[in-house]
Amino acid sequence: MKFGTKTIHAGQHADPTTGAIMTPVYQTSTYIQEKPGDHKGYEYSRTGNPTRKALEDNIAALESGKYGLCFGSGLAAVDSIIKLLSPGDEVISTNDLYGGTYRIFTKVFEQFGIKFHFTGMGNIEKIASLINSNTKMIWAETPTNPMLNIIDITALSKLSKSNDLLLVVDNTFATPYLQRPIELGADIVMHSLTKYMGGHSDVIMGAAICNDENIAEKLYFLQNSCGAVPGPQDAFLVLRGIKTLHLRMQRHCENGKVISDFLSNHSKVKNVFWPGLKSHPNHDVAEKQMNGFGGMVSFDLKGNQLEDAIKVVSATKYFTLAESLGGVESLIGHPASMTHAAIPKAEREITGVVDSLIRLSVGIEDVEDLVEDLDQALNKI
Ligand SMILES: *Cc1c(COP(=O)(O)O)cnc(C)c1O
C-alpha cells in the first residue's frame, strides 16, 4: 500500500455492528466481560480503546513500524520514552531542540539521575567522543527547531548500532510523508501529533512508534502504568486529520519554497533557514533522506534588533502570532521570547536563536496572500 492510501485506510475497519465507514468514537471507560477475563480484547480504556487503537495502527503503518502508541501529548510520549532508562544512564541529544523537550530533560529527568549531553549533530566524530559506558540513547530532532538543521539519520543509526545505543528521532517537523526514520535505522520515532499529523490546531497528542517487540512491550507497560493516554474523541480527530496529511504536506512544501525564495531576496532579511535552499548547510543531507523540505521557515533580520523582530511578528495579518506549528493556517513566532524562552540566552545564541530570529509555520493558504502579508510587515521596520 502506498503512502496516500495508507493515510486513509491503514488500521481502519468499518464498524462491524453498524457498517459505519468511519471508526466510531468509543466513548467508554470500561468493557463488558462475559466471565472474568472473557472479553473482546478490551478491558479498560487506559489500557486500550478501539478508537485509539485504530489511530495507533494507522500511525505505525505510516512510519513503517510494527507498533504505535499514542500519548496525551508529545511531551507525554517523551516522558515514557525516557523512562525506558535508569538512573546513571546518559543521553546524547541535539542541542537545537524543542524547548519543552529540553525542559523535561534538564528540569525533570536530571533530578532522577539521568544525564543529558547537548551537542550539534552535524559532526559524527563529535557525537562519538561523548559516548561512554553509561551512554544508552541518542536523541535527535530533524529538521531541528527552530534553525532547521538537518541531521543525517543513517549516519547516526550506524553510530548508535555499533555502540548498542537506542536511537530516537523526533519526527514532528518532517512527518512520515517527508521522512521515515525507522527505514533509515532509528529504533523509536516520536511525534507531537499536535502539529502536522493532526494538522488542524485542535488537539494535543503524542506518539511513539517502533519495530522491536521488546521495546514495544516496555512502552506499552509505561503507557498503561503512567497513564498519559489520549481520549477517544481526540484520537478520532487525529485520524480524520491524517486522511489529508499527504495533500497538506505537498502544499506546505510548495508554499515553503515560495516564501523562502521571497525572503531570500528581501532587503530587510539577513539569513533564511529552509532545507530546500541550495545555500542551506545541510541541503545535500535533506535531499538524500527527505521527500520534500516542509513548511517551516526561519529567518533573521539585518541589524539583529529585538524591537524589529517584535514589530514584524506583531504586524502580520494572515500569519497569526502564536506558539505551535503544523496547522493549515500560517503562524509566526519569535523563538527567543516564546517557544525557546526556557533556554538560557547564551545557550540559545550558540545554536543561532538570536534576538531577531523569526520562525514561520507556513500554512496552506494561497501563497500570494502570504507573501504580501510578510512584505507589508517587513516594510514596517
Ligand atoms: C510540540 C513539539 C513537541 C511537544 O509536543 P506537545 O504535543 O506540545 O506536548 C515535541 N517536539 C517537537 C518538535 C514539537 O514541535
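The subject of this paragraph is the overall build of the protein chain. Along the protein chain, the regular secondary structure elements total 14 helices and twelve strands. A compact globule built from 381 residues should have a C-alpha radius of gyration of about 21 Å, and the protein chain, at 21 Å, falls within 12% of that. Seen through its C-alpha atoms, the protein chain measures out along the principal axes to roughly 75 × 50 × 35 Å. Burial analysis of the protein chain (381 residues in total) assigns 55% to the buried set. In the protein chain, 73% of the contacts between residues at least 6 apart in sequence involve partners at least 24 apart. A total accessible area of about 16,100 Å² is found for the protein chain, and carbon and sulfur atoms account for 53% of it.

In this section: the site of the ligand. The immediate surroundings of the ligand are formed by 15 residues, with Gly74, Asp170, Ser192, Thr194 and Lys195 found nearest. Within the backbone of Leu75, a nitrogen or oxygen atom sits 2.9 Å from an oxygen atom of the ligand. For the ligand, whose free accessible area comes to 380 Å², the fraction covered by protein is 94%. A breakdown of the residues in the shell around the ligand according to their chemical character gives six nonpolar, six polar and three charged.

Between two aromatic rings, the relevant description is the distance of the centres plus the angle of the planes. The full count for this structure, using the stated rule, is seven aromatic pairs. With a centroid separation of 5.6 Å and 70 degrees between ring planes, the pair formed by Trp274 and Phe293 is classed as edge-to-face. Of this pair, Trp274 sits in the loop between β8 (269-273) and α11 (283-289) while Phe293 sits in the loop between α11 and β9 (296-301), placing them 19 residues apart in sequence. Each member of the pair, Trp274 as well as Phe293, carries the same accessibility label: buried. Aromatic rings pair up to connect Tyr102, Phe105, Phe116, Phe118 and Trp139 into one cluster.

Here we take up the pattern of salt bridges. Evaluation of the coordinates by the stated rule reveals eleven salt bridges. Notably, a salt bridge pairs Asp79 with Lys83, separated by 2.6 Å at the nearest N-O pair. The structure contains a network of salt bridges with shared partners spanning Lys345, Arg348, Glu349 and Asp355.

Turning next to the layout of surface pockets. As a volume, the largest pocket reaches approximately 580 Å³. Around the largest pocket, the lining is made up of 23 residues, and of these Pro16, Tyr26, Lys40, Tyr42 and Pro50 lie nearest the centre. Taken together, the residues of the lining of the largest pocket break down into nine nonpolar, eight polar and six charged. Looking at the second largest pocket, its volume works out to about 360 Å³. Lining the second largest pocket are 24 residues, and of these Tyr98, Ser192, Thr194, Lys195 and Ser324 sit closest to its centre. Among the secondary structure elements, those contributing two or more residues to the lining of the second largest pocket are α3 (74-82) and β6 (188-192). Considering every element that reaches the lining of the second largest pocket, the biggest residue donor is α3, with three residues. In the lining of the second largest pocket, the residues fall into eight nonpolar, ten polar and six charged. If you count residues domain by domain, the lining of the second largest pocket takes at least three from each of domain 1 (3-242) and domain 2 (245-378).

With that settled, the discussion passes to the side chain of Thr144. Of note, Thr144 is situated in the loop between β4 (135-141) and α6 (153-162). A polar contact of 2.4 Å, which involves the side chain of Thr144, links it to the side chain of Asp96. In contact with Thr144, not counting residues within four places along its chain, are Thr94, Asp96, Asn149, Ile151 and Phe173.

Okay, the nonpolar core next. By size, the foremost hydrophobic cluster in this structure holds 60 residues, and its most contacted members are Leu55, Ile259, Leu263 and Leu360. Here this core spans two domains, and each of domain 1 (3-242) and domain 2 (245-378) adds at least three residues to it. Membership of the second largest hydrophobic core comes to 28 residues, among which are Ala77, Ile104, Leu166 and Cys210.

Here we come to the domain arrangement of the protein chain. The domain boundaries assigned to the protein chain delineate domain 1 (3-242) and domain 2 (245-378). Here the C-alpha centre of domain 2 lies 26 Å away from the C-alpha centre of domain 1. The interface of domain 1 with domain 2 comprises 41 residues on the first partner and 43 residues on the second. Summed over both partners, the interface of domain 1 with domain 2 buries about 3,400 Å², with 61% contributed by carbon and sulfur atoms. Of all residues in domain 1, Met147, Leu178 and Tyr196 bury the most surface against domain 2, accounting for 23% of the area lost on that side. Linking domain 1 to domain 2 there are one salt bridge. Notably, a salt bridge pairs Asp152 with Lys288, separated by 2.9 Å at the nearest N-O pair. Inspection of the region where domain 1 meets domain 2 yields 19 residue pairs in polar contact (both at pLDDT 80 or more). Broken down by secondary-structure element, the contributors of at least two residues to the side of domain 1 that touches domain 2 are α1 (3-9), α4 (99-109), α6, α7 (175-178) and α9 (232-242). Here the side of domain 1 that touches domain 2 is composed, by residue class, of 21 nonpolar, 16 polar and four charged.

Calculation criteria
- Residues numbered from 1 in each chain as written.
- Predicted model: local features only at pLDDT ≥ 70, side-chain atom pairs only at ≥ 80, totals over all residues.
- Heavy atoms only, no water.
- Helix = DSSP H or I, 4+ residues; strand = E, 2+ residues; numbered from the N terminus.
- Rg over C-alpha atoms; globule rule 2.2 N^0.38 Å.
- Buried < 20%, exposed > 50% of the residue type's maximum accessible area, 1.4 Å probe, protein only.
- Contact = heavy atoms within 4.5 Å.
- Areas by Shrake-Rupley, 256 points an atom, 1.4 Å probe, with all protein chains shown as cover.
- Near = heavy atom within 4 Å.
- Polar contact = N/O pair within 3.5 Å; in protein donor to acceptor, adjacent residues only side chain to side chain.
- Nonpolar A, V, L, I, M, F, W, Y, C, P; charged D, E, K, R; others polar.
- Phe/Tyr/Trp six-rings, centres within 6.5 Å; stacked < 30°, edge-to-face > 60°.
- Salt bridge = Lys/Arg side-chain N within 4 Å of Asp/Glu carboxyl O.
- 1 Å grid on protein atoms, 1.4 Å probe; cavity = no way out; pocket = protein on both sides within 12 Å on 5 of 7 lines; lining within 4 Å.
- Points joined across faces, edges and corners; volume = space filled by probe spheres on them.
- Domains from an automatic or database assignment.
- Core = buried A, V, L, I, M, F, W, Y, C linked by side-chain atoms within 4.5 Å.
- Buried area = accessible area lost by both parts, 1.4 Å probe.

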